[in-house]
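# Architecture at a glance
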Amino acid sequence: KAGVTQTPRYLIKTRGQQVTLSCSPISGHRSVSWYQQTPGQGLQFLFEYFSETQRNKGNFPGRFSGRQFSNSRSEMNVSTLELGDSALYLCASSLGTSAYNEQFFGPGTRLTVL
Amino acid sequence: SQQGEEDPQALSIQEGENATMNCSYKTSINNLQWYRQNSGRGLVHLILIRSNEREKHSGRLRVTLDTSKKSSSLLITASRAADTASYFCATASGGSYIPTFGRGTSLIVHP
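Scope of this entry: the structure provided in the associated data block. (Residues numbered from 1 in each chain as written. Chains lettered and ligands numbered in written order. Predicted model: local features only at pLDDT ≥ 70, side-chain atom pairs only at ≥ 80, totals over all residues. Heavy atoms only, no water.)

## Brief notes about the overall build of chain B
- On a plain count of helices and strands, chain B comes out with zero helices and 11 strands.
- Ordered by position from N to C terminus, the α and β elements of chain B give β-β-β-β-β-β-β-β-β-β-β.
- Summarising its shape, the C-alpha atoms of chain B cover approximately 45 × 25 × 20 Å along the three principal directions.
- Out of the 111 residues belonging to chain B, those deemed buried represent 44%.
- In chain B, 56% of the contacts between residues at least 6 apart in sequence involve partners at least 24 apart.
- When the accessible surface of chain B is totalled, it reaches about 5,200 Å², and 46% of it is carbon and sulfur.
- Positive and negative side-chain charges of chain B, numbering 12 and 9 respectively, have mean locations separated by a distance of 6 Å. (Helix = DSSP H or I, 4+ residues; strand = E, 2+ residues; numbered from the N terminus. Buried < 20%, exposed > 50% of the residue type's maximum accessible area, 1.4 Å probe, protein only. Contact = heavy atoms within 4.5 Å. Areas by Shrake-Rupley, 256 points an atom, 1.4 Å probe, with all protein chains shown as cover. Lys, Arg positive; Asp, Glu negative; His and termini not counted. Charge placed at Lys NZ, Arg CZ, Asp CG, Glu CD.)

## Focus on the interface of chain B and chain A
- At the interface, 23 residues of chain B touch 24 residues of chain A.
- Carbon and sulfur atoms make up 54% of the surface buried where chain B meets chain A, a total of about 1,700 Å² over both sides.
- At the junction of chain B with chain A, the criterion picks out four residue pairs in polar contact (both at pLDDT 80 or more).
- Looking at the side of chain B that touches chain A, the elements that each hand over two or more residues are β4 (29-37), β5 (43-50) and β9 (85-93) of chain B.
- When residues of the side of chain B that touches chain A are assigned to their parent elements, the largest contribution, five residues, is made by β4(B).
- Tallied by class, residues from the side of chain B that touches chain A come to nine nonpolar, 11 polar and three charged. (Buried area = accessible area lost by both parts, 1.4 Å probe. Polar contact = N/O pair within 3.5 Å; in protein donor to acceptor, adjacent residues only side chain to side chain. Nonpolar A, V, L, I, M, F, W, Y, C, P; charged D, E, K, R; others polar.)

Structure follows, in structure tokens:
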């Protein structure tokens, strides 16, 4: 089975712009979760989607949003980018809810905001 | 704030030695998972241990869970240079469906 893929792998944006990141889960996995990883804050949960519905949401501002399509592929969007949004964004898929199942992570998208 | 906190923050050992890292958490959990991350890449799942389990093994990995002390340990036996990575614990608390990761232990295994 193919693993979790994320595109793009690297992205450079400037403050105020918006960005869309994409994640394709492992075939058959219906849950997709997004995380932000920074040296200062570590790994922080953004949100989880299951069967096109947002199931859980972390403590992030409304500038961070996401969606999931009928084929389980997911996108996350960050609007009005700030310097502090520079991070590695990780997507993970699992068969069931992420809190109780093994998650399979993609390689991440490294976002740099200038 | 982090639910799980790994200790030590960094560990440096020689190939062939054992490596032990610990994870402490604050509230009761349903399960605890250990993940490995090689430099700047995605995480790889190692072991999931449920709250009613005390010990699990996977190859050279041994995980223990002590719910009375709210702690878990990950033991890597006969370490190899390829084990060099950051190791994270993730917990799911009783009433939450959000997995919470610690800040990780950075392990360096010298050849």
